[in-house]
Amino acid sequence: MFNKFDDQRSEMVREQVFGRGVRDEKVLAAMGAVRREVFAPPESRDFAYYDNPLPLAREQVMPQPYITAFMIEALQLHGGEKVLELGAGSGYSAAVLAQIAGQVYSLEPIAELAETARKNLAHEGVDNVRILSGDAEALQAAEAPYDAILLSAPVAEIPENLKPLLRAGGHLVAIVGGNPMARELVRLTRRADGGFDREDLADIRFVPSIDEKGADFVPGPARPRIIEMRPRQAEDLPGRIVQAAQVFDSVEEARLDDLIERAGESRIVLLGEASHGTSEFYRMRDRITRRLITEKGFNIVAAEADWPDAARIDDYVRHADTPASEWQAFARFPTWMWRNEEVRGFVDWLHEHTRD
């Protein structure tokens, strides 16, 4: 039986994860299968699928869902691997990994969190995750080499004591950098000769951070939340579009709050379209422009149009006593460009808005 969390989880995968460029079907399926609300503290469960981190015990946090998905996708798992995670937290990322990997070993040095993670995983019937307690020495109790290693907590440098634990061809993913406002998501791939190839996958900004030494893996008292992440792989134009695009099922249900907020204090906002004559583009421009006018104080709408038509519409919009019967929406244009019901509805709204 579906409940509100099932709907929210589907929406989270669609908008926060897929909508920001995660395309690995195994990762998308895993994010859709794991009940994040179970791994959230009871007081935060109603916020489990919000696009922000959640506080855990001892000043720890669960990262945003998108960050978890992006980092796991970067491991490039095919299924059945042996994975080491450092920083179990409440067990959520381990549960997601367990949907893909064959066996997951997750180190959590904070005993309280380690016990919470064990209980959460047992509650969800996840039997292929082993939670390791204690400090870095506990790594020796697990079964190296690993096919993949994930560092859930940021470090100044990738710990050298982890590199020998990775098999040839395996990937290690970590958030690296001493400056919390300018860190990188890094992937190391171990070569057959024992060396490592490094890829910088994304730029990441944090609020104030934890352990800055990074000589060995030592989780600090407060894992910071990510406040901005810009993937490096989206350098080509299609990649940039995918990264910046917002996915929605219908014009009417599209959430515009973030888009309007991005306008900031700008006094000029350009609204384009991918094709002329598409109803959805006109309707979306209508919605966006109305909010820019009512919420951001914009008072000019400019359109590339024929001068006599534009002058007639301008007169209608600015003068409350001009009757609708004395104007036509861009009469000199074809119906598929400007002279259509969508534009007429917007112009009528402008007329009434000015009257008010």
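Structural notes, computed from the coordinates.

What counts, and at which threshold
- The residue numbering used here restarts from 1 in each chain and proceeds along that chain's sequence as written.
- Local features in this predicted model are restricted to residues whose pLDDT is 70 or higher, and side-chain atom pairs enter the listing and the counts only when it is 80 or higher, whereas totals over whole chains, interfaces and linings include all residues.
- No hydrogens and no water enter the side-chain calculation; it runs on all heavy atoms of the structure.
- When a carboxyl oxygen of Asp or Glu lies within 4 Å of a side-chain nitrogen of Lys or Arg, that pair is called a salt bridge.
- A run of H or I in DSSP becomes a helix once it reaches four residues, and a run of E becomes a strand once it reaches two; helices and strands are each numbered from the N terminus.
- Relative accessibility thresholds used throughout: buried, under 20% of the residue-type maximum; exposed, over 50%; partly exposed, between the two (1.4 Å probe, protein chains only).
- By the criterion applied in these results, polar contacts are pairs of N or O atoms within 3.5 Å in which, for protein atoms, one can donate a hydrogen and the other can accept it, and in which residues neighboring in sequence qualify only through two side-chain atoms.
- Residue contacts are counted whenever heavy atoms from the two residues lie within 4.5 Å of one another.
- We define a nonpolar core as any set of buried Ala, Val, Leu, Ile, Met, Phe, Trp, Tyr and Cys residues linked to one another through side-chain atoms lying within 4.5 Å.
- Lining residues are those with an atom within 4 Å of a point, where the points come from a 1 Å grid over the protein atoms alone and group into cavities, where a 1.4 Å probe fits but cannot get out, or pockets, open sets with protein on both sides within 12 Å along at least five of seven lines.
- Grid points are joined across faces, edges and corners, and a volume is the space filled by probe spheres set on the points.
- Ten residues, namely Ala, Val, Leu, Ile, Met, Phe, Trp, Tyr, Cys and Pro, are considered nonpolar, four, namely Asp, Glu, Lys and Arg, are considered charged, and the remaining ones, Gly among them, are considered polar.

## Observations concerning the pattern of salt bridges
Opposite charge on two side chains lets them pair, provided their charged atoms get close.
At step 1: One pass over the full model with this rule turns up 24 salt bridges.
At step 2: In this structure, Asp147 engages Arg167 in a salt bridge whose closest nitrogen and oxygen atoms are separated by 2.4 Å. Of the two residues, Asp147 is situated in strand β6 (residues 146-151) and Arg167 in strand β7 (residues 166-176); the sequence distance between them amounts to 20 residues.
At step 3: With relative accessibility at 32%, the residue Arg167 sits in the partly exposed group.
At step 4: Asp314 serves as the salt-bridge partner of Arg318, at 2.9 Å between the closest nitrogen and oxygen.

## Digging into unusual backbone geometry
At step 1: Unlike most non-glycine residues, Gln76 shows phi in positive territory, near 55 degrees.
At step 2: The residue Gln76 is located in the loop between α4 (65-74) and β3 (82-86) in this model.
At step 3: At Trp338, a residue that is not glycine, the phi angle is positive and equals roughly 80 degrees.
At step 4: Looking at where Trp338 falls in the secondary structure, it is placed in the loop between α10 (307-318) and α11 (341-355).
At step 5: Residue Trp338 is classed as buried on the basis of its relative accessible area of 17%.

## A closer look at the side chain of Glu85
At step 1: Secondary-structure assignment places Glu85 in strand β3.
At step 2: Residue class for Glu85 comes out buried when judged on its relative accessible area of 0%.
At step 3: A distance of 2.6 Å separates a polar atom in the side chain of Glu85 from a polar atom in the side chain of Ser106.
At step 4: For Glu85, the residues in contact, after removing those within four places along its chain, are Ser93, Ala94, Leu97, Tyr105, Ser106, Leu107, Leu150 and Ser152.

## Describing the nonpolar core
At step 1: In terms of nonpolar packing, the biggest core is built from 54 residues, with Met31 and Leu185 touching the most fellow members.
At step 2: The element best represented in this core is α4, accounting for seven residues.
At step 3: Those residues within four positions of Leu185 in sequence are excluded, and the remaining contacts are Phe70, Met71, Val173, Ala174, Ile175, Glu199, Asp200, Leu201, Ala202 and Ile204.
At step 4: Among the nonpolar cores identified, the runner-up in size contains 22 residues, and Met284, Ile293, Phe346 and Val347 belong to it.

## Section: the layout of surface pockets
At step 1: Its boundaries defined by the atoms lining it, the second largest pocket holds a volume of some 1,400 Å³.
At step 2: What lines the second largest pocket is a set of 40 residues, among which Ile300, Val301, Ala302, Ala303 and Phe346 lie closest to the centre.
At step 3: Counting residues per element, the ones that place at least two in the lining of the second largest pocket are α9 (279-296), α10 and α11.
At step 4: Residues that form the lining of the second largest pocket fall into these classes: 26 nonpolar, six polar and eight charged.

Without other data, these values stay purely geometric and don't point to any function.
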